[in-house]
Amino acid sequence: MKKFLLAMCAVLGLAFGASAQRTQLHIGYGGYTQMDCTDMHDGGSINNAWGALTAGVNFRVAPSFDLGFTYTFSSASYKHIDDANAYYHVIMLNGKYDYWRNSIVRLYAHAAAGVDITHITVDDWSENKAYFAFQVSPIGAEVGLSRVASMFGELGFGAQGLLQVGFRLTL
């Protein structure tokens, strides 16, 4: 975990030192996450899962490449067990590569890797487990609404969902 945190600090240092820096804040929602379809809930059978809410920041470090961090939250309840829930807290390092753009539309690929900390609760008992989390979205589109605001959509698989939609602010 220390190595991961040191790597994240190094990337932040590179981002702040970049001469062509542009900061993007984003928030999005994704459905059917990595946690929903893989065993990241200690083997129990999931009753319902609502998707994932993601917030993050990206820094422009090259003309077509962004690096940044995201935090994703999701939760699910278990079948056949009253008061049993799993809460997923995901922190990832992200890379985004723009492969086509014009003045309004930007097409990109997005990849991320990090850690998922799953908090499992059953009545008065609780436990935390850590899992590898990732996101691979080979198809992403961003449409500019103004000079600072845009909306985006991504198709991929991982902790942020199969289909993720949201908004970005460029500062």
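Quick notes on the rules
Residues numbered from 1 in each chain as written. Predicted model: local features only at pLDDT ≥ 70, side-chain atom pairs only at ≥ 80, totals over all residues. Heavy atoms only, no water. Helix = DSSP H or I, 4+ residues; strand = E, 2+ residues; numbered from the N terminus. Buried < 20%, exposed > 50% of the residue type's maximum accessible area, 1.4 Å probe, protein only. Contact = heavy atoms within 4.5 Å. 1 Å grid on protein atoms, 1.4 Å probe; cavity = no way out; pocket = protein on both sides within 12 Å on 5 of 7 lines; lining within 4 Å. Points joined across faces, edges and corners; volume = space filled by probe spheres on them. Nonpolar A, V, L, I, M, F, W, Y, C, P; charged D, E, K, R; others polar. Polar contact = N/O pair within 3.5 Å; in protein donor to acceptor, adjacent residues only side chain to side chain. Core = buried A, V, L, I, M, F, W, Y, C linked by side-chain atoms within 4.5 Å. Salt bridge = Lys/Arg side-chain N within 4 Å of Asp/Glu carboxyl O. Patch = residues over 30% accessible without salt bridge, like charges linked within 9 Å, V, L, I, M, F, W, Y side chains within 5 Å. Areas by Shrake-Rupley, 256 points an atom, 1.4 Å probe, with all protein chains shown as cover. Lys, Arg positive; Asp, Glu negative; His and termini not counted. Charge placed at Lys NZ, Arg CZ, Asp CG, Glu CD.

A.B. asks: Honestly, the overall build of the protein chain in this entry has me stumped. Any pointers?
C.D. replies: On a plain count of helices and strands, the protein chain comes out with two helices and nine strands. Ordered by position from the N terminus, the helices and strands of the protein chain form the series α-β-α-β-β-β-β-β-β-β-β. The 171 residues of the protein chain split such that 41% are buried. Relative to all contacts within the protein chain whose residues are 6 or more apart in sequence, the contacts with residues 24 or more apart total 58%.

A.B. asks: How do you make sense of unusual backbone geometry when you look at a structure like this?
C.D. replies: Keep in mind that most residues, glycine aside, have a negative phi and that most peptide bonds are trans. One non-glycine residue, Y32, lies in positive phi territory at about 55 degrees. Tracing the chain through its elements places Y32 in the loop between β1 (23–31) and α2 (34–37). Even without being a glycine, D123 presents a positive backbone phi close to 50 degrees. Mapped onto the fold, D123 is located in the loop between β6 (105–122) and β7 (125–144). Taking the relative accessible area as the measure of exposure, D123 reaches 54% and is therefore exposed.

A.B. asks: Is there a simple way to think about the layout of surface pockets in this case?
C.D. replies: Rolled over the atoms, a probe sized like a water molecule indicates the empty space that remains. Counted as a void, the largest pocket has a volume near 250 Å³. In terms of lining, the largest pocket is formed by 17 residues, of which the most central are R106, E142, G144, S146 and S150. Residues that form the lining of the largest pocket fall into these classes: five nonpolar, seven polar and five charged.

A.B. asks: In this structure, what is going on with the environment of T72? I would like to understand it.
C.D. replies: As for its placement among the helices and strands, T72 is situated in strand β4 (residues 65–78). Along the chain, T72 and L53 lie 19 residues apart, while their C-alpha atoms are 5.6 Å from each other. A polar atom in the side chain of T72 sits 3.0 Å from the side chain of T54.

A.B. asks: I tried to follow the nonpolar core on my own but got confused; where do I start?
C.D. replies: When a protein is soluble and globular, its nonpolar side chains tend to lie buried together. Counting residues in each nonpolar core, the largest one holds 12 residues, listed as M35, A76, Y78, A84, A86, Y88, V90, M92, A112, I120, A133 and A159. The set of elements that each furnish at least two residues to this core consists of β4, β5 (84–101) and β6. In terms of residue count, the dominant contributor to this core is β5 (five residues).

A.B. asks: Sorry, what's going on with the pattern of salt bridges here?
C.D. replies: Counted according to the given criterion, the structure contains nine salt bridges. In this structure, the salt-bridge partner of D98 is R106, at a minimum N-O distance of 2.7 Å. The same class applies to D98 as to R106, namely buried. Salt bridges here are not isolated pairs; linked through shared partners, they connect R22, R60, D66, K96, D98, R101, R106, E142, E154 and R168.

A.B. asks: For this particular structure, what's the right way to read the side chain of D66?
C.D. replies: Here D66 lies in strand β4. For D66, a relative accessible area of 1% puts it in the buried group. A polar contact of 2.4 Å, which involves the side chain of D66, links it to the side chain of R60. Every residue in contact with D66, bar those within four places of it in the chain, is listed here: R22, Q24, N58, F59, R60, N94, G95 and K96.

A.B. asks: Looking at this structure, I do not really get a negative patch on the surface. What am I missing?
C.D. replies: On the surface, D82, D83, D123 and D124 cluster together to form a negatively charged patch. Tracing the backbone shows D83 in the loop between β4 and β5. You can call D83 exposed: its relative accessible area is 58%.

A.B. asks: What exactly am I supposed to notice about the environment of F73 here?
C.D. replies: Mapped onto the secondary structure, F73 falls in strand β4. In this structure F73 comes out as partly exposed when scored by relative accessible area, which is 25%. Linking F73 and H89, residues 16 residues apart in sequence, is a C-alpha distance of 5.0 Å. Apart from the residues lying within four places of it in its own chain, the contact partners of F73 are W50, G51, A52, L53, Y87, Y88 and H89.

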